[in-house]
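As a plain string of letters, each chain reads:
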Amino acid sequence: MTPPLPRGLDANFARKRLHKEGPNELGLSQRRTLADILLEVVREPMFLLLLGAGAIYFAMGDSHEALILLSFVFMIMGMTAFQERRTDNALAALRDMSSPRAVVIRGGEALRIAGRDVVREDVLLLAEGDRIPADGLLIDAHELATNESMLTGESESVMKKSGDKVYAGTLVVAGQGVVQVTATAHHTEMGRIGKSLESIAITPSPLREEMGRLTRRLATFSIGLSCGLVLLFWLLRGGWLDALLAGIALAMSLLPQEFAVIMIIFMAMAARRLAAQKVLTRRLNSIETLGETSVLCVDKTGTLTENRMRVAVLCADNRAIDVSQPLSGSLSDSLSASLPDTHLELLEYAILASEIAPHDPMEQAFHRMAGAHLSDTNRLHPDWRLAREYELSPQLLAMTHLWQSGVGLHDVVAAKGAPEAVAELCALSENLHDEIATQAAAMADQGLRVLGVAKAVHIAGHPWPENQQAFDFQWLGLIALADPLREEVPKAVAQCLRAGIRVVMITGDHPRTAQAIARQAGIQSDGIITGSEILGMSQDELVDRAATINIFARIRPAQKLALVEALKSQGHVVAMTGDGVNDAPALKAAHIGIAMGQRGTDVAREAASLVLLKDDFDSIVQAIRMGRRTFANMRQAMIYTLAVHIPIAGLALLPVLFGLPLILAPLHIAFLELVIDPACSIVFEAEEADADLMSRPPRRSDEALLSGQYIWRSVAYGSLTTAFIFSIYAWLLSQEIAATTAATAAFVVLVTANAALILPSRSARTEWHRLWYHLTPTSVWVLGITLLALAAITCIPVLAEPFRFTPMSGQAWLGSFFIGLLLLPCFNIIKKIELHFSLR
């Protein structure tokens with residue numbers, strides 16, 4: 001049927017060449033080096049403040065304290081760099097996994113590898129939708145066309161034949177081909193003009209902009225307040241170096257530098273968790289949007305169903321034969337012998353109308369059945385040559401192959417497609433057309449996918465017609481295929497409905513097939529809209545109808561874009577699945593485009609925000625759950641972060657205003673930063689989702705991460721802590737307790753209260769048992785290490801001295817610790833009060 005494929009390179013030789021010549025990439029990666037990360041950390045305001053404080057300590061002659069403070073600086077710097085490096089590594093891994101793939105022939109075996117692993121002289125198999133990974137020469141081509149606009153700027157596709165050159169970065173828009181690679185990486189045409197193809201970038205999003213605005217406001221406020229404190233301290237007490245230290249302490253306490261860390265780490269860790277669930281994140285901002293999803297548009301085949309097609313019914317000459325039982329041994333021989341010639345001919349022409357080495361599950365099912373039933377007949381034609389292909393088009397849902405047998409006066413023509421389209425090709429009478437439609441509908445009602453098959457002849461040597469309608473086709477019959485519903489789909493659909501997410505099924509199948517599968521999946525709809533009906537609608541009519549219809553059948557890929565726009569115009573946040581070249585516009589237009597990784601084309605993957613490595617519906621639902629969990633945990637982390645900064649700022653400011661000895665210096669705040677950062681970025685990120693997370697409606701797209709309600713809660717937490725600790729400190733001083741001893745006790749209460757605040761902040765729920773509910777090992781470790789470090793610097797003399805603490809006895813330390821814990825029930829009461837008023 002086709003020239004034999006080359007054996008390709010030996011696998012070991014290819015590995016050696018890859019090692020010698022390097023990966024097939026342009027090397028213009030956006031990944032930051034460790035030096036880049038460290039330079040960014042050095043530029044952070046918090047880092048600069050810590051360095052300034054260290055310099056002032058040196059100027060005051062306190063070199064010991066300066067060195068300890070600088071050691072804290074490098075600890076914070078190292079921890080930040082480690083977190084960001086881990087984030088970059090996670091993104092790099094995702095970038096590699098979601099980059100274009102290539103099918104190569106090595107040692108005579110077809111392998112699917114990453115595009116970066118392609119080497120010179122590799123043999124590639126190209127198919128529609130592939131992004132060509134390297135420059136090369138075509139060994140063989142069937143109706144191959146590429147889009148070279150990335151190189152030439154011309155949007156029109158270019159037809160290719162054997163001997164032509166194809167270029168890295170261009171897209172196969174039609175046909176198939178076999179290519180031998182001639183150049184990779186910088187030696188390609190794309191490499192020479194210096195364009196990078198692959199990136200996972202964090203583009204501006206509403207959430208990041210909100211955090212940026214809040215951070216800028218707090219930073220401006222902290223600078224202004226700190227300058228005022230420096231002036232006030234100098235006027236009241238004198239000593240400009242001490243005044244600067246007090247101002248730096250206040251600025252450090254107010255700077256919310258954790259916000260940016262929380263954003264990037266939460267998003268990157270969510271992407272890693274999704275990757276473990278076989279969902280790749282190509283754009284981190286999509287995780288933010290997942291929790292807002294209100295409409296989920298999904299394909300039927302392979303997403304709701306198993307995509308394991310098998311031939312179920314052969315219908316020819318008005319006789320339907322059920323062939324759905326597994327065939328083996330004598331049963332296969334018996335059934336093969338019992339199939340009439342009309343039904344064997346139907347199967348024969350279905351094979352002739354299919355690809356030679358098919359990827360489509362339906363065509364693979366035809367080939368499997370032909371191997372069982374036609375191998376002992378003369379109906380397989382290995383010597384015939386595929387001379388011309390007429391592709392499926394939006395205007396005609398049928399495809400035709402023209403074969404040259406090399407003998408006789410005629411070429412053989414085979415067509416298959418939607419029953420109504422093939423019937424149209426055959427120019428059948430109205431009665432026959434209605435009869436075929438009735439037969440197809442009866443099979444579709446059982447959830448079967450139905451195709452029509454026809455044959456024709458063409459005089460050998462005569463010019464081929466421009467379109468398939470020009471052939472004189474003869475109707476052969478119907479083939480129905482079964483593709484069972486995935487076992488987990490009904491439960492996942494029910495979960496979506498409970499979560500307020502509307503599930504819309506879009507398929508190219510017969511309306512009755514779509515309705516049968518939707519019924520099994522639990523998708524309810526007020527009716528069905530077909531692609532032909534959409535052609536006759538205005539956009540306003542489609543918007544009105546799409547408001548209540550959840551089943552769309554016989555949909556052309558290009559019509560998905562109109563559906564997405566119609567749903568978006570109703571205010572929905574739309575997630576859309578797709579796998580083909582023509583799905584790309586809809587995937588880009590949707591708020592969240594989801595590409596099928598197993599059967600999807602490279603262009604669909606590049607247009608999508610998420611890529612499913614396991615093409616099933618439950619993966620999408622779990623991704624939405626992860627998006628909701630990430631946002632909920634991020635909100636709790638932000639509430640906590642804002643709350644713990646308030647008492648730190650208050651305890652830096654109030655002693656100055658009341659003329660009392662200072663409680664906090666930059667060294668103390670540096671220690672607190674080491675406590676806050678892990679709590680924000682590790683404890684809260686690792687929290688499990690609430691059990692009722694997927695029983696809540698989707699988050700509104702305009703809902704702020706930190707609305708007035710949550711800011712009020714943070715301020716209430718922080719103000720209570722500030723008043724409580726400052727009152728204790730002032731009382732201790734009034735009892736003629738030494739200032740260093742009072743400051744030490746106040747510091748223990750402060751750190752204990754901040755650690756205790758983690759417990760009610762882990763969840764939005766207010767039940768008392770939730771304080772300890774599902775306390776993760778991460779939380780236990782962070783709390784334990786925090787309290788051990790606190791005990792060390794307040795009880796061990798050699799560690800307490802740099803902080804100017806008076807070492808505490810075990811009894812005094814435990815007393816301060818339990819006083820700090822007294823705030824825990826108060827925190828939960830505040831949450832209950834806030835929730836009560838928010839629901840009114």
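As shown above, the structure is provided for reference.
Just so you know, these numbers come straight off a predicted model, no measurement behind them.

**A short note on the overall build of the protein chain**
If you tally the helices and strands in the protein chain, you get 31 helices and 22 strands. Counting the 840 residues in the protein chain, one finds 55% classified as buried. Pairs at least 24 residues apart make up 74% of the contacts formed inside the protein chain by residues separated by at least 6 positions. Surface accessibility of the protein chain: about 35600 Å² in total, with carbon and sulfur atoms responsible for 58%.

**What about the side chain of R388?**
Assignment of secondary structure puts R388 in strand β12 (residues 385-390). Not counting chain neighbours up to four residues away, the residues in contact with R388 comprise E143, T400, H401, L402, W464, P465 and E466.

**Considering the nonpolar core**
If you look at soluble globular proteins, the nonpolar side chains tend to sit buried side by side. In this structure, L296, I594 and F617 are the most contacted members of the largest nonpolar core, which totals 74 residues. Ranked by residue count, the leading element in this core is helix α24 (residues 617-657), at 14 residues. Setting aside residues no more than four positions away along its own chain, I594 makes contact with L296, A575, M576, T577, G578, L587, A608, L610, L612 and I620. Counting residues in hydrophobic clusters, the runner-up holds 32 residues, among them I669, A745, V748 and V751.

**Details of a nonpolar patch on the surface**
On the surface, W712, W768, I829 and I833 cluster together to form a nonpolar patch covering roughly 410 Å² of accessible area. By the element assignment, I829 lies in helix α31 (residues 823-838). Look at I829 and you get partly exposed, because its relative accessible area is 42%.

**Structural notes on the packing of helix α13 (residues 341-352) against helix α14 (residues 361-373)**
Two quantities define a packed helix pair, namely the angle between the axes and the distance from one axis to the other. As a packed pair, α13 and α14 sit with axes 10 Å apart at the nearest point and diverge in direction by 135 degrees. The angle between α13 and α14 places the two elements in the oblique class. Regarding α13 and α14, the two cross each other, and that crossing is left-handed. Residues L344, L347, A350 and I351 of α13 lie in contact with α14, whose contacting residues are F366, H367, M369, A370 and H373.

**With respect to helix α18 (residues 511-521)**
Listed in full, the buried residues belonging to α18 are P511, T513, A514, A516, I517, A518 and A521. The positive-phi residue at the C-terminal boundary of α18 is G522, with phi of around 90 degrees.

**Focus on the sheet that holds strand β16 (residues 474-482)**
Taken in spatial order, the seven strands line up as β11-β10-β16-β15-β14-β13-β12 in an open sheet, and their pairing is antiparallel. Two strands lie at the open edges of the sheet, namely β11 (319-322) and β12, each paired on one side alone. When the angles between neighbouring strand axes are averaged without regard to direction, this sheet yields 25 degrees. As defined by bridge partners, strand β10 (residues 310-316) adjoins β11 across four bridges and the pair is classed as antiparallel. Opposite A316, over in β11, you have R319 as the bridge partner.

**Comments concerning the environment of A444**
Checked against the element boundaries, A444 lands in helix α16 (residues 430-444). The exposure class assigned to A444 is buried, which follows from its relative accessible area of 0%. It is 5.1 Å that separates the C-alpha atoms of A444 and R512, two residues lying 68 residues apart in sequence.

**As for the packing of aromatic side chains**
One pair of aromatic rings is described through two measures. These are the centre distance and the angle between the planes. Throughout the structure, instances matching the rule amount to 11 aromatic pairs. With centroids separated by 5.3 Å and ring planes inclined at 70 degrees, the aromatic side chains of F817 and F818 adopt a geometry described as edge-to-face. Taking the relative accessible area as the measure of exposure, F817 reaches 15% and is therefore buried. Classification of F818 as partly exposed rests on a relative accessible area of 49%. Here the aromatic cluster, defined as three or more aromatic residues joined through ring pairs, consists of F671, F747, F803 and F805. Sitting over the face of the ring of Y390, R388 holds its NZ or CZ atom 4.4 Å from the ring centroid.

**Some remarks on the environment of I785**
Relative to the helices and strands, I785 is located in helix α28 (residues 777-795). A relative accessible area of 51% places I785 in the exposed class. I785 sits 110 residues away from V675 along the chain, and the two C-alpha atoms are 9.1 Å apart.

**Some points on the sheet that holds strand β8 (residues 279-281)**
With respect to topology, eight strands assemble into an open sheet ordered β8-β22-β21-β20-β9-β17-β19-β18, the strand pairing being mixed. Each of the sheet's edge strands pairs with one partner strand only, and the pair in question is β8 and β18 (528-530). Here the strands of the sheet are splayed against their neighbours by 20 degrees on average, with no regard to which way each runs. In the packing of α24 onto the sheet, the strands contacted are β8, β9 (295-299), β17 (502-506), β20 (574-578), β21 (592-596) and β22 (610-612), and the crossing angle to β9 comes to about 160 degrees.

**A closer look at the pattern of salt bridges**
Should their charged atoms come close, side chains of opposite charge can pair. Counted by the stated rule, this structure contains 19 salt bridges. R554 is the partner of E420 in a salt bridge, and the nearest nitrogen-oxygen pair spans 2.7 Å. Of the two residues, E420 is situated in helix α15 (residues 419-425) and R554 in the loop between β19 (551-553) and α21 (559-569); the sequence distance between them amounts to 134 residues. Among the salt bridges present, the one from R449 reaches D509, with a minimum N-O distance of 2.4 Å.

**Considerations on the pairing of strand β7 (residues 171-183)**
Sheet faces and side chains relate simply in a regular strand, where the side chains alternate between the two faces. Two elements, strand β3 (residues 123-127) and β7, share five bridges in a ladder whose sense is antiparallel. Each residue of the ladder has a partner; that of V123, found in β7, is Q180. When strand β4 (residues 135-147) meets β7, the two strands line up antiparallel, connected through 10 bridges. When the bridges of β7 are listed, T146 appears paired with V172.

**Details of the packing of helix α26 (residues 708-734) against helix α27 (residues 739-761)**
Relative orientation of the contacting elements α26 and α27 amounts to 160 degrees, with a least axis distance of 9 Å. The angle between the axes of α26 and α27 places the two elements in the roughly antiparallel class. The hand of the α26/α27 crossing is right-handed. Between α26 and α27, the residues in contact are Y717, T721, F724, I725, Y729, L732 and L733 and A739, A742, A743, A745, A746, V749, L750, A753, L757 and S761, respectively. Residue composition of the contact of α26 with α27, grouped by class: 15 nonpolar, two polar and no charged.

Rules and cut-offs
Residues numbered from 1 in each chain as written. Predicted model: local features only at pLDDT ≥ 70, side-chain atom pairs only at ≥ 80, totals over all residues. Heavy atoms only, no water. Helix = DSSP H or I, 4+ residues; strand = E, 2+ residues; numbered from the N terminus. Buried < 20%, exposed > 50% of the residue type's maximum accessible area, 1.4 Å probe, protein only. Contact = heavy atoms within 4.5 Å. Areas by Shrake-Rupley, 256 points an atom, 1.4 Å probe, with all protein chains shown as cover. Core = buried A, V, L, I, M, F, W, Y, C linked by side-chain atoms within 4.5 Å. Patch = residues over 30% accessible without salt bridge, like charges linked within 9 Å, V, L, I, M, F, W, Y side chains within 5 Å. Salt bridge = Lys/Arg side-chain N within 4 Å of Asp/Glu carboxyl O. Axes fitted to C-alpha atoms, helices over the stretch in contact; angles between N-to-C directions. Parallel < 35°, antiparallel > 145°, perpendicular 65-115°, else oblique. Left-handed = near helix turned anticlockwise from the far one by under 90°. Pairing = 2+ DSSP bridges. Phe/Tyr/Trp six-rings, centres within 6.5 Å; stacked < 30°, edge-to-face > 60°. Lys NZ or Arg CZ within 6 Å of the ring centre and 35° of its normal. Nonpolar A, V, L, I, M, F, W, Y, C, P; charged D, E, K, R; others polar.

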